Amino acid sequence: MDLLRLHSLNIQTVQLNQCPFTVANLQNSKGFANKRPQLLSQPRKRSNLRVLPVLDNSRRSNLQSLQALCTSNGNILETGAHESVMADEHASLLEKKGNEVVKDLKGSCIYLLGMMGSGKSTVGRILAEALGYYFFDSDKLVEEAAGVKSVAQIIEEDEESFRNAETEVLKQLSCMGRLVVATGGGIVARPINWSYLRHGVTIWLDVPLEALAKRVVAVGVESRPLLGATGSDSPYNQALESLTEIFKVRGPAYSTADATVSLQKVATSMDFEDLSFVTPTIIAIQVLEEINKLILQKKQLNSAAGA
């Protein structure tokens, strides 16, 4: 199936991997209209991946003799400083890791968790391409079902309805296969959501709050209604204070993910002075590394149990 569409929010289903998909229950949420959201598109071919952005001169000068991400055994691999070489190296490594992992995944879904601004959607698209999977952004699905332009608008009108719709979307996605799902930042707060997340592999993209504050300020805090106003003297301080409070609630739940990819640890391992040097491609490669570790651990446990 090249394209999966939900034709209305009435009870109509389509089949993907023998699993009925419907978000009919969304019609019970306040403000949700009969729309026609496009839910699924065909995954792109896993070949000739060139997904690294071109580095500017300041970054290029800092990358002399730096180490790129990892070899097949998880250690660091030296690469050249030029962005074209790095792009080729990372693209090749990404494709290699995707090919190594995809067979043992056996169609299991990957759920990316993390705070707002942690890069789940960007990394998710790269992962989906590397694995030949489909990509979903759960927030976008809710937006399309609600017939509005942004999650911010839904939350401002009725956050509870948004959370209910978010859970329903996750429930439906959890019975599918071969998906990479970028989840909403607050999806971990509801215990019932974990019953669906555990159907696949959960990865927490752990980004320092200071870096997140810079990102959300750069795109505009008005798109993040949960940040609210704190009375701080600057948008950055306001964002940081709000993110800190939100993380106090969500942090313990994030930490229960199957694996964690820490932006700070990746940057340190590569001798990057600035976290912004860690590209989404590098994070995607590290996600695949973590998934591979989980697969190996499961094989070892199965082997031990059968001995």
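The present account deals with the structure reproduced in this document.

Reading the values: the criteria
Residues numbered from 1 in each chain as written. Predicted model: local features only at pLDDT ≥ 70, side-chain atom pairs only at ≥ 80, totals over all residues. Heavy atoms only, no water. Axes fitted to C-alpha atoms, helices over the stretch in contact; angles between N-to-C directions. Helix = DSSP H or I, 4+ residues; strand = E, 2+ residues; numbered from the N terminus. Parallel < 35°, antiparallel > 145°, perpendicular 65-115°, else oblique. Left-handed = near helix turned anticlockwise from the far one by under 90°. Contact = heavy atoms within 4.5 Å. Expected span 1.5 Å × (residues − 1). Buried < 20%, exposed > 50% of the residue type's maximum accessible area, 1.4 Å probe, protein only. 1 Å grid on protein atoms, 1.4 Å probe; cavity = no way out; pocket = protein on both sides within 12 Å on 5 of 7 lines; lining within 4 Å. Points joined across faces, edges and corners; volume = space filled by probe spheres on them. Nonpolar A, V, L, I, M, F, W, Y, C, P; charged D, E, K, R; others polar. Pairing = 2+ DSSP bridges. Core = buried A, V, L, I, M, F, W, Y, C linked by side-chain atoms within 4.5 Å. Phe/Tyr/Trp six-rings, centres within 6.5 Å; stacked < 30°, edge-to-face > 60°. Polar contact = N/O pair within 3.5 Å; in protein donor to acceptor, adjacent residues only side chain to side chain. Salt bridge = Lys/Arg side-chain N within 4 Å of Asp/Glu carboxyl O.

### A short note on the packing of helix α7 (residues 209–219) against helix α8 (residues 235–254)
Then step 1. As a packed pair, α7 and α8 sit with axes 9 Å apart at the nearest point and diverge in direction by 125°. Of the possible angle classes, the one that applies to α7 and α8 is oblique. Here α7 runs over α8; the crossing is right-handed. Contact residues: L209, E210, L212, A213, K214, V216 and V217 in α7; P235, Y236, A239, L240, L243, T244 and F247 in α8.

### Some points on the environment of R178
Then step 1. Checked against the element boundaries, R178 lands in the loop between α5 (151–173) and β9 (179–182).
Then step 2. If sequence neighbours within four positions are ignored, R178 has contacts with V102, G107, C109, L131, G132, Y133 and Y134.

### Overview of helix α3 (residues 120–131)
Then step 1. The terminal C-alpha atoms of α3, which comprises 12 residues, lie 16 Å apart, in line with the 16 Å expected from a rise of 1.5 Å per residue.
Then step 2. Summarising burial for α3: 9 of the 12 residues are buried, a large majority.
Then step 3. Within α3 the residues assigned to the buried category are K120, V123, G124, I126, L127, A128, E129, A130 and L131.
Then step 4. Phi turns positive, to about 70°, at G132, one or two residues after α3.

### Structural notes on the layout of surface pockets
Then step 1. Taken as a whole, the second largest pocket holds about 370 Å³ of empty space.
Then step 2. Lining the second largest pocket are 14 residues, and of these D104, S108, L294, I295 and K298 lie nearest its centre.
Then step 3. Looking at the lining of the second largest pocket, the elements that each hand over two or more residues are α2 (83–105) and α10 (280–306).
Then step 4. Looking at the lining of the second largest pocket residue by residue, the classes come out as 5 nonpolar, 4 polar and 5 charged.

### Let's talk about the pairing of β9
Then step 1. Of the two faces of β9, both are covered, the one formed by L179 and V181 as well as the one formed by V180 and A182.
Then step 2. The sheet contact formed by strand β7 (residues 110–113) and β9 spans 3 bridges and is parallel. Looking across to β9, one finds that L112 is bridged to A182.
Then step 3. Both strand β8 (residues 134–137) and β9 contribute to a ladder of 4 bridges, which runs parallel. Bridge assignment links D137 to a residue of β9, and that residue is A182.

### A word on the nonpolar core
Then step 1. Of all hydrophobic cores here, the largest spans 78 residues; its most connected members are I203 and I291.
Then step 2. Excluding residues within four positions of it along the chain, I291 makes contact with V101, L105, I110, V201 and I203.

### Some remarks on the packing of aromatic side chains
Then step 1. Inspection of the entire model under this criterion finds 3 aromatic pairs.
Then step 2. Measuring from centroid to centroid gives 5.8 Å for F272 and F277, while their planes differ by 90°, and the two rings are edge-to-face. Accessibility assignment for this pair places F272 and F277 in one class, buried.
Then step 3. Each member of the aromatic cluster is reached from another via a ring pair, and the members are W204, F247 and Y254.

### Comments concerning the sheet that holds β9
Then step 1. A sheet is described by the order of its strands in space; here 5 strands give the open sequence β8-β9-β7-β10-β11, paired in parallel fashion. If you trace the sheet from one side to the other, it starts and ends with β8 and β11 (259–262), each paired once. Ignoring which end each strand starts from, the neighbouring axes of this sheet average 20° apart.
Then step 2. Two strands pair when backbone bridges link them, and β7 and strand β10 (residues 201–206) are joined in this way by 4 bridges, in the parallel orientation. For I110, the partnering residue across the bridge sits in β10 and is V201.

### Some details on unusual backbone geometry
Then step 1. Of note in this structure, K106 is not a glycine but carries a positive phi near 55°.
Then step 2. As for its placement among the helices and strands, K106 is situated in the loop between α2 and β7.
Then step 3. Among the residues examined, K106 registers a relative accessible area of 74% and is labelled exposed.
Then step 4. Within the chain, R178 stands out as a residue other than glycine whose phi angle is a positive 60°.
Then step 5. Residue R178 is classed as partly exposed on the basis of its relative accessible area, which comes to 35%.

### Examining helix α4 (residues 138–146)
Then step 1. Among the residues of α4, those classed as buried are S138, L141, V142, E143, A145 and A146.
Then step 2. One side-chain oxygen at the N-terminal end of α4 lies 3.0 Å from the backbone nitrogen of D139; it belongs to D137.

### A look at the pattern of salt bridges
Then step 1. What the rule picks out here adds up to 10 salt bridges.
Then step 2. Two residues, E143 and K140, come together in a salt bridge whose shortest N-O distance is 3.7 Å. Pair noted here: E143 and K140 are both in helix α4, with a separation of 3 residues, about one helical turn.
Then step 3. The exposure class assigned to E143 is buried, which follows from its relative accessible area of 9%.
Then step 4. Where E160 meets R190, a salt bridge forms, and the shortest distance between an N and an O atom there is 3.0 Å. Remark: R190 occurs in the loop between β9 and α6 (191–197) and E160 occurs in helix α5; sequence separation between them is 30 residues.
Then step 5. Judged by relative accessible area, R190 falls into the partly exposed class, the value being 21%.

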